Amino acid sequence: MSALLEISGLRVHHGDRPIVDGVDLSVQPGEALGLAGESGCGKTTTALALMKLLPATFTQSGTMTLRPPNVEEPINLERRTEAGMQQVRWRHVSLVFQGAMNSLDPVKRVDHQIAQAINLHERAAAGDVRARIGELLTTVGLTPALGRRYAHQLSGGQRQRVMIALALACRPSLVIADEPTTALDVVMQAQILELLERLREQLGLALILISHDLGVLSETCDRIAVMYAGRIVETGPVREVFSAPQHPYTKRLLDSLPVIGGPRTLAPPIPGGPPDPGDLPAGCRFRPRCPYAAEKCLEDPALREVRPAQAAACHFAPWVEWPPAQEAAVEGAAG
Amino acid sequence: MSPRWLAGKVAAALLTFAFVLVFNFFLFRVMGDPTTQLARLPRATPEEIQKLRANYGLDKPITGQFVDYAGDTLRFDLGTSQRTRRPVWTEIKDALPWTLLLVGTGTVLATFIGAWLGVIAATRRGKAADDGLLGFSLFTYAAPEYWIGIILILVFAVWLPIFPAGQQVTPGVEFSSWLDEAADVAEHLVLPGIAMTLMLLGQYFLIMRASMVDVLTEDFITVKRAIGLPWERVVRQHAVPNALLPLVTLSSIYFGMVVGGAITIETVFSWPGLGELSFDAINDKDFPVLQGTFLIFSAGVILANLLADCLYFVLDPRVQAT
Amino acid sequence: MSERGVRQLLFQTWRGRLGLGVLGLFIFLALFGSLIAPDDPDASSLVILGGISADHWLGTTEQGSDVFSQLLVGARVSIIVGFAAAAISALLGATVGLIGGYFGGWTDRILDAFENWFLVIPQIPLMIVLARLLEPSLGVLIAVIGLTSWAGTGRIVRAQVLTLRERAFVERARALGARDGYIIRTHILPNTLPLIFANTVLIVAVAILAEAALAFLGLGDPTRISWGTMLENAFSSGAPSAGAWWYVIPPGLCITLLVLSVSILGYLFEEYVNPRLREQG
């Protein structure tokens, strides 16, 4: 089965600073891929680059190929002009933006804005459009009457649901959800995740779920890709990556997740912070913060398959078990 | 429209006007004791002055005088012009429509052109067009509007006699229809109208530009691009409507400027409005007229602010929730 | 606002250099204009509204005076009135804003209402009324302009003081028993002065335009020549109809250039003091 989406060698620069530096990703039809990583690692930039929505101060390169069902020719996004992208956007791939507080035009009604998206990509009778909007709102758990309201008349959770309904309006085969639960309380979080899961099953959607919260990703995703400093450092099926991580960064991320019934201690935070794109370390980008760093890490590790269906960018993968961390080595290993 | 909100705004406006009345009264009493002006009358004997004082009610206590003044004002009795001997209110009534015509034309043109230029500058931020427009708006702010008016006369009425140099109609001409007369007025309106528009243009441009720049950073603009809307339509259908809202309220700061410009421009073009009335009153030290025009100008600005508030209320669905 | 930062701003940006240069030229004229003027600006002659000639580089006025000399001398009034009136306005506005913003309560409400009133009242008619009642002179002009322009500064200062008042270091000082005067002097004032300064520079531009407008309307100091009175004389003597462009254009141009230079500097300082403006360009 050929991939629905295939990103190869994606690079995004802001001036001369690399924000995304050689990312390969693929998504199968109907699959949910989680994109994990700290803030600033390039996740959102990757999503915006995919839809070519980055401002003019950014340059991007690499190939991005979309193969939606019922479309003859594969769509090479990197070659599309702005006019060409306008046809692809929302019709084949849509995006639920981070933070729905201000994602709707404040002076226009909600239903008009959903109708706008539909009418941009299809010729449909007004009555059909109205019906579809009602359906969409119901699907995301809202009453259709809410469509007549303005954005400021909706709560945060309702706005988030409206954005999801909007994202589904043109029946795309791929939806990207960027931190869909971050601004919400825990109860709302669970509801939204459950909604996304249900929609995936009902509509056969493929989903790219971006989040810094591994817990959120573990529930909804089939596969997960971990990003660090503009690069993918590990990919694999969610179960495998969680039970047997193959990259020290993934391991530390997982360690920081509290386990119910487990020891009542906070996991030690990963010392230091992600590197500044203008000042990247030589070799493996995680080296300055990695408890297992060694000489070899001055060489750039490639993302390679280290276990069945699981790839990691670490010289010492596959890891069968994790030796005790040498914290002291971190300081010396820097530079 | 929430009646409570509206009532609050109207009450505030009335209160402000009341303060203008008090201020106006005490200013002219305190600083220009009418007795000294009465003494301008040739050879007035003390008895005659005393009689005149009684006539004008100047022998009453000051609060009594104020009540008289307030009562008179609200009945549109603003005194008599010392120059023409006609009631001040009549002078004002005759002049007001001309000022409204000039100011209205200038404001409308300045708003539309300024807003249009503001959108252009905001969507080309940092480029030559933006810098050029910013420079132009700074120049129109710094250049005195009456100087611009004089230059317009010089170029378009003296060197190239295309437009009339002043007044509102060609003197001594009989018009066969009101359409012809209107056309004549329109011809006379061109140069002062341009001066008025140029004076206000810069301010409205700057407000709209800043407003657009703000709106273009909002999330929903990116969302509109994401759904596949072409950029030109994103700007026109979503950025501009949201940017116009602050324009309505922010431009109300400049209503006072409009009045000031009206005075000087009308003077330059001998335009028979409140501005020229004020100018004549300045030269003749015609205090009743000055007092009356100051009152009308203040009332006009207060009213304009109130209308701007109402307009904003109608346009912004978020405010209607209050 | 550091001294080095200000110097950098003034001398190392092209806007700073341009503004400073032009302003400096006019200040020089204000000081020495009467010394370098070729003719006595008040001296009349028989050459009425004469054009450009070797004797009169910018022609003559309706009284036969030398336009160029008048132009040089006229800088003085604009500079003096502009800066003096702005200083008064700044003092008034800052005081009202500080007191109202810091002490709050009824004081603030009354001062705020007072301030809003001044903001609504149209400035030029108010100045006209005051100037006419008091009989025009340089001092009257300075007072009248200063007393009517303070409200804008007042509002800005009040907003700033309100935010500063709630900040931690002020609460700490109060908890340590510091008196109001001390807090205002050591904590509030230093953080507000840059704002006041930047705003006042822009008020100088407003004051210069106000003086010129009042002079044009006949309310200028009759004993002094200013660019505004030059325009008034030119206009009332029919210079435009006579095509005497050399009389009509230069005074207005000088006003424009002076106001431009002050405004450029004012916006420069305003951007520096308010970093948010810098980002939004």
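Everything here concerns the structure above.
Residues numbered from 1 in each chain as written. Chains lettered and ligands numbered in written order. Predicted model: local features only at pLDDT ≥ 70, side-chain atom pairs only at ≥ 80, totals over all residues.

> I'm lost on the interface of chain A and chain B in this one. Help?
The accessible area lost on association of the parts is a frequent measure of interface size. Each partner contributes residues to the interface: chain A has 21 residues there, and chain B has 18 residues. Broken down by secondary-structure element, the contributors of at least two residues to the side of chain A that touches chain B are α2 (82–88) and α3 (110–121) of chain A. When residues of the side of chain A that touches chain B are assigned to their parent elements, the largest contribution, 3 residues, is made by α3 of chain A. The residue makeup of the side of chain A that touches chain B, split by class, is 11 nonpolar, 7 polar and 3 charged. (Contact = placed C-beta atoms within 7 Å. Helix = DSSP H or I, 4+ residues; strand = E, 2+ residues; numbered from the N terminus. Nonpolar A, V, L, I, M, F, W, Y, C, P; charged D, E, K, R; others polar.)

> I would appreciate a short explanation of the packing of helix α5 (residues 88–123) of chain B against helix α8 (residues 178–216) of chain B in the present structure.
Each pair of packed helices gets described by two things: the angle between the helix axes and the distance between those axes. All names here are of chain B. Look at α5 against α8: their axes get within 5 Å of each other, and the N-to-C directions meet at 35 degrees. Considering only the axes of α5 and α8, their crossing is right-handed. Residue composition of the contact of α5 with α8, grouped by class: 22 nonpolar, 8 polar and 1 charged. (Axes fitted to C-alpha atoms, helices over the stretch in contact; angles between N-to-C directions. Left-handed = near helix turned anticlockwise from the far one by under 90°.)

> How should I be thinking about the arrangement of the chains in this particular structure?
Contacts are most numerous between chains B and C, considering all 2 pairs of chains that are in contact. What separates chain A from chain C at the closest point of their C-alpha atoms is a distance of 15 Å, and the two make no contact.

> Help me out: how do you make sense of the environment of Leu117 of chain B in this one?
Residues and elements named next belong to chain B. Secondary-structure assignment places Leu117 in helix α5. The buried category is assigned to Leu117, around which 21 C-beta atoms lie within 10 Å. With 88 residues separating them along the chain, Leu117 and Phe205 place their C-alpha atoms 6.2 Å apart. Every residue in contact with Leu117, bar those within four places of it in the chain, is listed here: Leu133 and Phe205. (Buried ≥ 20, exposed ≤ 12 C-beta atoms within 10 Å, placed from the backbone.)

> Please explain the nonpolar core as it appears in this structure.
If you look at soluble globular proteins, the nonpolar side chains tend to sit buried side by side. With 254 residues, the main nonpolar core has Ala165 and Ile176 of chain A together with Met127, Ala207 and Ile208 of chain C as its most contacted residues. In this structure, this core is formed jointly by two domains, domain 1 (5–221) and domain 2 (248–312) of chain A, each of which donates at least three residues. When residues no more than four places from it in sequence are discounted, the contact partners of Ala207 of chain C are Val81, Gly82, Ala85, Ala86, Ile145 and Ser149 of chain C. (Core = buried A, V, L, I, M, F, W, Y, C linked by C-beta atoms within 7 Å. Domains from an automatic or database assignment.)

> How do you make sense of the interface of chain C and chain B when you look at a structure like this?
Each partner contributes to the interface: chain C provides 35 residues, whereas chain B provides 43 residues. When contributions to the side of chain C that touches chain B are tallied by element, the ones reaching two or more residues are α4 (105–120), α5 (123–134), α9 (180–216), α10 (227–236) and α11 (245–273) of chain C. Examining the composition of the side of chain C that touches chain B, we find that 9 residues originate from one element, α11 of chain C, more than from any other. Considered class by class, the residues forming the side of chain C that touches chain B number 25 nonpolar, 9 polar and 1 charged.

> Would you mind showing me how to read the sheet that holds strand β10 (residues 231–237) of chain A here?
The pairing of strands in a sheet comes from backbone hydrogen bonds and takes either a parallel or an antiparallel form. All names here are of chain A. Spatially, the 8 strands line up as an open sheet ordered β6-β7-β8-β3-β9-β10-β12-β11, and their pairing is mixed. Of all strands in the sheet, those bounded by a partner on one side alone are β6 (93–96) and β11 (304–307). Across this sheet, the average inter-strand angle for adjacent strands is 25 degrees, counted without regard to direction. As judged from the 6 bridges shared by strand β9 (residues 223–228) and β10, these two strands associate in the antiparallel manner. Each residue of the ladder has a partner; that of Val226, found in β10, is Glu234. (Pairing = 2+ DSSP bridges.)

> I would appreciate a short explanation of the pairing of strand β7 (residues 174–178) of chain A in the present structure.
Look at any regular strand and the pattern is simple: side chains alternate between the two faces of the sheet. Residue and element names in this part refer to chain A. Within β7, 5 of the 5 residues are buried, leaving the element largely enclosed by the surrounding structure. Burial of β7 is two-sided: the residues Leu174, Ile176 and Asp178 facing one way and the residues Val175 and Ala177 facing the other way are all buried. Pairing of β6 with β7 involves 4 bridges; the strand directions are parallel. Looking at β7, one finds that Leu95 is bridged to Ile176.

> Could you clarify how one ought to interpret the sheet that holds strand β5 (residues 75–76) of chain A in this entry?
All names here are of chain A. Ordered by their spatial adjacency, 4 strands build an open sheet running β2-β1-β4-β5, and the pairing between neighbours is antiparallel. Across the chains shown, the open sheet's two edge strands, defined by having one partner strand only, are β2 (17–27) and β5. When strand β1 (residues 5–14) meets strand β4 (residues 58–66), the two strands line up antiparallel, connected through 8 bridges. In the sheet register, Leu5 faces β4, and the bridge partner there is Leu66.

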